[in-house]
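Residue-level structure breakdown
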Amino acid sequence: MLRALMFAAPLTLLLTAGTRTNAADEELPIVKMLKSKLKDEKKTFAILVTFKVKAGNEKKFEEAFVPCLAATRKEAGCVAYVLNRDTEDPTTYIMYESFKGIPGIEAHMKEKHTQTLLATVVPMCDGEPKIKVLTVPE
């Protein structure tokens, strides 16, 4: 049971990232997770999101990213937003995302293009996406 909950956490973060509960001041789940890992909410950080795509869905997965890649790169809080494909396993993708602090990703998660992307790509995945948080050493 605990193992299943550990694997479900990243997917839950992604699926609920753009949703709010009834309380207007509730934090997005991904923001809550990032705040627990980042010392300074205003500093630039990066996340790696690893997706394992069901075989045969690679082209649809990549096509789903096209509008979001372009739109996200224009967001004021975005530093980098790049989809990468593993050369040894063509069903594995790693998304490199960097934002200007927590406010940058909060704005990104509220965007319609982000919510549409997540609703489209998560069902194509074989298992839950994994999220890794990165910071620049001080």
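Residues numbered from 1 in each chain as written. Predicted model: local features only at pLDDT ≥ 70, side-chain atom pairs only at ≥ 80, totals over all residues. Heavy atoms only, no water.

In the nomenclature of an unreviewed UniProt entry, the chain corresponds to Antibiotic biosynthesis monooxygenase from the organism Gemmata algarum.

1. Brief notes about the side chain of Thr114
One can find Thr114 in helix α5 (residues 112-121). If sequence neighbours within four positions are ignored, Thr114 has contacts with Cys68, Glu75, His108 and Met109. (Helix = DSSP H or I, 4+ residues; strand = E, 2+ residues; numbered from the N terminus. Contact = heavy atoms within 4.5 Å.)

2. Looking at the nonpolar core
Residues Leu34, Phe51, Phe61, Phe65 and Tyr81 are the most contacted members of the largest nonpolar core, which totals 30 residues. Among the elements of the structure, α2 (29-37), β1 (45-52), α3 (58-73), β2 (78-85), β3 (92-99), α4 (101-110) and α5 are those that each provide at least two residues to this core. A per-element tally of this core places α3 first, with five residues. Residues within four places of Phe61 in sequence aside, it is in contact with Phe51, Val53, Leu83, Tyr93, Val121, Met124 and Cys125. (Core = buried A, V, L, I, M, F, W, Y, C linked by side-chain atoms within 4.5 Å. Buried < 20%, exposed > 50% of the residue type's maximum accessible area, 1.4 Å probe, protein only.)

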